[in-house]
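# Observations on chain architecture
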Number of protein chains: 2
Amino acid sequence: MNKSVFYHAGCPVCIGAEQDLLNLLDPQKIEVEIVHLGENKARIGEAEAAGISSVPALKLTNGHVLHLNFGASLEDVKKG
Amino acid sequence: MNKSVFYHAGCPVCIGAEQDLLNLLDPQKIEVEIVHLGENKARIGEAEAAGISSVPALKLTNGHVLHLNFGASLEDVKKG
């Protein structure tokens, strides 16, 4: 099973969405890697290439991206 | 188990988010009622009271709302 990726930046909205959503996912159907873009800026390019414009966001293995409640734009994460 | 509610308005973004997300949820942890606000305008007030400002959105049993990829504002759904 390929991993889906939950991108966040440590913001309160990010943490809230993580707690609300990830625990409700079915571990038999989805495996999620959690990436903190504020601490792992090397992966911002990968997130941009996946079509992510704000965090928190969940990139699925089918390539689709779910942007959750708006926490921060990727532009702000780059600056921060 | 109380039901969570997925509010949508039939827009392409709504349908995409529904297909992407709902199938990945763990049925042992969350039960989801799907409400089409375009066809069921009587429930728009309930959605507003829950803090929903755009669709698609998932209201959880803890009262938190996850707004997913922006499809339409609730104001536009009221007009539509």
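Here, every reference points to the structure presented above.
Attention here is on the structure that accompanies the text. (Residues numbered from 1 in each chain as written. Chains lettered and ligands numbered in written order. Predicted model: local features only at pLDDT ≥ 70, side-chain atom pairs only at ≥ 80, totals over all residues. Heavy atoms only, no water.)

Next up on the list: the sheet that holds strand E2 (residues 31-36) of chain B. Residues and elements named next belong to chain B. A sheet is described by the order of its strands in space; here four strands give the open sequence E2-E1-E3-E4, paired in mixed fashion. Two strands lie at the open edges of the sheet, namely E2 and strand E4 (65-73), each paired on one side alone. Strand-to-strand, the axes of this sheet are offset by a mean angle of 15°, without reference to chain direction. The pairing of strand E1 (residues 3-8) with E2 spans six bridges and is classified as parallel. Within the sheet, the bridge partner assigned to Lys-3 lies in E2 and is Glu-31. Across the sheet, helix H1 (residues 12-22) touches E1, E2, strand E3 (54-59) and E4, and the angle it forms with E1 is around 150°. (Pairing = 2+ DSSP bridges. Helix = DSSP H or I, 4+ residues; strand = E, 2+ residues; numbered from the N terminus. Axes fitted to C-alpha atoms, helices over the stretch in contact; angles between N-to-C directions. Contact = heavy atoms within 4.5 Å.)

With respect to the secondary-structure elements, B:Asp20 resides in helix H1. The charged side chain of B:Asp20 is buried without a salt bridge, its nearest counter-charge being A:Lys29 at 13 Å. (Buried < 20%, exposed > 50% of the residue type's maximum accessible area, 1.4 Å probe, protein only. Lys, Arg positive; Asp, Glu negative; His and termini not counted. Salt bridge = Lys/Arg side-chain N within 4 Å of Asp/Glu carboxyl O.)

Let us now look at the pattern of salt bridges. Summed over the entire model, instances satisfying the criterion amount to twelve salt bridges over all chains. The partner of B:Glu33 in a salt bridge is B:Arg43, and the shortest N-O contact between them spans 2.8 Å. Note that B:Glu33 is positioned in strand E2 and B:Arg43 in the loop between E2 and helix H2 (44-49), a separation of ten residues in sequence. Residue B:Arg43 is classed as buried on the basis of its relative accessible area, which comes to 19%. B:Lys78 is the salt-bridge partner of B:Glu48, the closest N and O atoms lying 2.6 Å from each other. With B:Glu48 in helix H2 and B:Lys78 in helix H3 (residues 74-79), the pair connects residues that are 30 residues apart, well separated along the chain. Residue classification places B:Glu48 among the partly exposed residues on the basis of a relative accessible area of 36%. One salt-bridge network, held together by shared partners, links A:Glu33, A:Arg43 and A:Glu46.

Attention now goes to the sheet that holds strand E3 (residues 54-59) of chain A. All names here are of chain A. Pairing in this open sheet of four strands is mixed, and the strands run E2-E1-E3-E4 from one edge to the other. Bordering the open sheet on either side are strand E2 (31-36) and strand E4 (65-73), each of which pairs with just one other strand. Strand-to-strand twist of the sheet, defined as the mean angle between neighbouring strand axes without regard to direction, takes the value 15°. The sheet contacts of helix H1 (residues 12-22) involve strand E1 (3-8), E2, E3 and E4, and relative to E1 the element is tilted by about 150°.

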